[in-house]
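Report on the structure
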Amino acid sequence: MRPRPLRLLVTLLLACCLAACADGAAAPVNGSPGVGDPLFPTAGNGGYDVGHYGLDLSYDPPSGRIEATAALTATAREPLASFDLDLSGLTVTSVTVGGRSADFSRKGTELVVTPAQPLPAGRRFETTVVYQGVPGLLTDPDGSQEGWFHTDDGGALALGEPVGSMAWFPGDDHPSDKATYDITVTVPHPMTVVANGELAGTAPRPGGRTAFHWHVAQPMATYLATVAIGDYTVQRSRTASGLPVYTAVDPRSDDPQTAASLARIPEIVDWESSIFGPFPFSSTGAVVAHLGDRQGGYALETQNRPTFPGNEGTPAVPVTTLVHELSHEWFGDWVTPHNWQDIWLNEGFATYTEWLWKDHEGVATEEQSAQAAFADADNWAFAPASPDAKQVFAPAVYGRGALVLHELRRALGDKAFFRMLRAWPAAHPYGNASTQEFTAFCADFTGKNLTPLFATWLYGRARPAHL
Ligand code: ZN
């Protein structure tokens, strides 16, 4: 009997499936283009976890161009026929996986990589992406901009919250995938480069250029990665406990109030450490840029040392903003939100730290700050546990988030509250946690039924009759 083509096909397919099953291996899949963030559906990617980013950028000030290589070490979480990286703009010229040339294509902010051979689940693999171009800005649903700002002196500043890191390097751009980094940026004399972590070294490069190599030893979320390129005055010191402090200030943003604020970094870090526990990273400090007034930007709790955009007209670094950003090193950077809807776990805690600081400084009592937040109608626009994509940085996340902590303190008493505040980030060191994990942690830690408190202050929309 002559085999009919259809039967032949079915038999062949069956044979393939059986072979795959006999192997014990599931069929390779295409890694998903997002991790399922409720607010930013294409942020991050499915199928793998990045362990380390090696970023090597060469920066050309007149054009604002970068020529770059990103080397990512990742582990496949499922068998992968292809996987995505997040990358916005720029031109990719080659991709390798495991040293072999890989196919790639671009689709919006997704860079789809197809390795020569599928990757089995559990495999550790290195991907290199060679890319270049002028990095730009992304506009968020709330209208704010992030990514790569070009400064008016030919320098640049990278601010990445929530999804701006994809403007300057390809990666898994979601807070749930933290990794260590080496960030090397080569610039012409006399520019300086500041990034996260510690300066591991500088090296001369042809054409009077210098490579600045920054090493980030503790896991970091992509949105916390930064690079500041420009004319910076650098100062190094140490806190009383010996933590290295590195500040870099664009002289044009060096107003008297900012200088006074920065001089207090050791004091602020020690004060916060006395409340939240030892500083979680191997160095701290601040970066004060000068974006000028033609651009937005925002202060950001970039890991190790927060970054301030330096807009004209206002002091670059008010001390309460510095206190706020530094507190994020514990709440945001050490324990990082599971997804963007959990943002109040960052901003509520940092706002509450401002209230503690004002109390400590004798400016306003914690109770007065709470009363003011309670009275502010903006704080009742939505429940802090459920912002939409436009509301990630809206007042209710900050003020109502802080009121949740105020209420917990009232319910638990100072002793139990501050023990819990310290224990919370330490329960997820260098990790991630969700709102639900926080409420469960509070109940476990205190043995109290806090459900009604959370229902009103965290999940509730309506303002109660009184504080
Ligand atoms: Zn904040």
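Overview of the structure. All of these numbers come straight from a predicted model, not from anything done at the bench. (Residues numbered from 1 in each chain as written. Predicted model: local features only at pLDDT ≥ 70, side-chain atom pairs only at ≥ 80, totals over all residues. Heavy atoms only, no water.)

**Regarding the sheet that holds strand β3 (residues 65-76)**
Sheet strands pair via backbone hydrogen bonds, and the direction of the pair is either parallel or antiparallel. Taken together, the eight strands give an open sheet; going across it, the order is β6-β5-β9-β3-β2-β13-β16-β15, and neighbouring strands pair in mixed fashion. The open sheet has two free edges, formed respectively by β6 (100-101) and β15 (198-205), since each of these has just one partner strand. Here nine bridges tie strand β13 (residues 179-188) to strand β16 (residues 209-220), and the two strands are oriented antiparallel to one another. Directly across from T186, in β16, lies its bridge partner A211. (Pairing = 2+ DSSP bridges. Helix = DSSP H or I, 4+ residues; strand = E, 2+ residues; numbered from the N terminus.)

**Regarding the coordination of the zinc ion**
On the protein side, the zinc ion has H324 (NE2), H328 (NE2) and E347 (OE) as donor atoms, found 1.9 to 2.1 Å from it. One chain supplies every donor for the zinc ion, spaced along it as H-x3-H-x18-E. Here the residue H324 occupies a position in helix α4 (residues 319-327), and E347 occupies one in helix α5 (residues 344-361), the gap between them amounting to 23 residues. For the pair H324 and E347, one class covers both residues: buried. (Donors = N, O, S within 2.8 Å, 3.2 Å for Na, K, Ca; no water. Buried < 20%, exposed > 50% of the residue type's maximum accessible area, 1.4 Å probe, protein only.)

**Concerning the sheet that holds strand β12 (residues 156-159)**
Spatially, the five strands line up as an open sheet ordered β10-β11-β12-β17-β14, and their pairing is antiparallel. Edge strands, defined here as strands with exactly one partner in the open sheet, are β10 (137-139) and β14 (192-195). The average angle at which neighbouring strand axes cross in this sheet is 15°, direction not considered. Across two bridges, β12 lies against strand β17 (residues 227-230) in antiparallel orientation. The residue bridging A156 from the neighbouring strand is I229, located in β17. (Axes fitted to C-alpha atoms, helices over the stretch in contact; angles between N-to-C directions.)

**Some points on helix α3 (residues 265-276)**
Taking 1.5 Å per residue, twelve residues should reach 16 Å; α3 reaches 16 Å between its end C-alpha atoms and fits that length. Most of α3 sits out of view: nine of its twelve residues are buried. Buried within α3 we find I265, P266, I268, V269, W271, E272, S273, I275 and F276. G277 sits one or two positions beyond α3 and adopts a positive phi of about 110°. (Expected span 1.5 Å × (residues − 1).)

**Remarks on the packing of aromatic side chains**
Under the criterion given, the structure shown has 31 aromatic pairs. Seen from the ring of F374, R463 lies directly overhead, with NZ or CZ sitting 5.8 Å from the centre. (Phe/Tyr/Trp six-rings, centres within 6.5 Å; stacked < 30°, edge-to-face > 60°. Lys NZ or Arg CZ within 6 Å of the ring centre and 35° of its normal.)

**What to know about the pattern of salt bridges**
Scanning all chains against the criterion turns up ten salt bridges. Between D153 and R252 there is a salt bridge; the shortest N-O distance is 3.4 Å. With D153 in the loop between β11 (145-150) and β12 and R252 in the loop between β19 (244-249) and α2 (256-263), this pair connects stretches of sequence that are 99 residues apart. D153 sits in the partly exposed class, given a relative accessible area of 30%. Judged by relative accessible area, R252 falls into the partly exposed class, the value being 40%. Its salt-bridge partner being D414, residue R409 comes within 2.9 Å of it at the nearest N-O pair. The buried category is assigned to R409, whose relative accessible area is 17%. When salt bridges with common partners are traced through the structure, they connect D152, D153, D250 and R252 into a single cluster. (Salt bridge = Lys/Arg side-chain N within 4 Å of Asp/Glu carboxyl O.)

**A closer look at the pairing of β3**
As paired elements, strand β2 (residues 48-60) and β3 share twelve bridges and run antiparallel to each other. Its bridge partner lying in β3, D49 is registered against T75. Linkage of β2 to β3, two consecutive antiparallel strands, is achieved through a turn of four residues, within which G64 is found at a positive phi near 75°. Pairing of β3 with strand β9 (residues 124-133) involves ten bridges; the strand directions are antiparallel. Considered in β9, the bridge of T69 is made with V130.

**Here's the deal with the environment of A195**
Tracing the backbone through its elements, the reader meets A195 in strand β14. A relative accessible area of 0% means that A195 is categorised as buried. Each C-alpha atom, one on A195 and one on T365, is 36 Å from the other, the two residues being 170 residues apart in sequence. Not counting residues up to four positions away in its chain, the partners in contact with A195 are I183, W214, T226, V227 and R305. (Contact = heavy atoms within 4.5 Å.)

**Observations concerning the nonpolar core**
One recurring pattern in soluble globular proteins is that nonpolar side chains are buried together. In this structure, Y131, W148, Y181, I229, L408 and F438 are the most contacted members of the largest nonpolar core, which totals 134 residues. Here this core gets eight residues from one element, more than from any other, and that element is helix α7 (residues 395-412). (Core = buried A, V, L, I, M, F, W, Y, C linked by side-chain atoms within 4.5 Å.)

**Remarks on the pairing of β11**
Note: β10 against β11, three bridges, orientation antiparallel. Each bridged residue has a counterpart across the sheet, and for L137 the counterpart in β11 is G147. Where β10 folds back onto β11 in an antiparallel hairpin, the turn is made up of five residues, including G143, whose phi is positive at roughly 90°. The pairing of β11 with β12 spans four bridges and is antiparallel. Directly across from H150, in β12, lies its bridge partner A156.

**Concerning the side chain of T284**
Summarising the element assignment, T284 is placed in strand β20 (residues 284-288). A polar contact of 3.0 Å, which involves the side chain of T284, links it to the backbone oxygen of N304. What T284 contacts, discounting residues up to four positions off in sequence, is L243, P244, V245, Y246, I265, V269, F279, N304, R305 and L326. (Polar contact = N/O pair within 3.5 Å; in protein donor to acceptor, adjacent residues only side chain to side chain.)

**Considerations on the packing of helix α8 (residues 414-426) against helix α9 (residues 435-446)**
Closest axis-to-axis distance for the α8/α9 pair is 11 Å, and the angle between their directions is 135°. Looking at the two axes, α8 sits oblique to α9. As α8 packs across α9, the resulting crossing turns out to be right-handed. Between α8 and α9, the residues in contact are A416, R419, M420, A423 and W424 and E437, F438, F441, C442, F445 and T446, respectively. Broken down by class, the residue content of the contact of α8 with α9 amounts to eight nonpolar, one polar and two charged. (Parallel < 35°, antiparallel > 145°, perpendicular 65-115°, else oblique. Left-handed = near helix turned anticlockwise from the far one by under 90°. Nonpolar A, V, L, I, M, F, W, Y, C, P; charged D, E, K, R; others polar.)

Function cannot be inferred from these measures alone, as they are strictly geometric.
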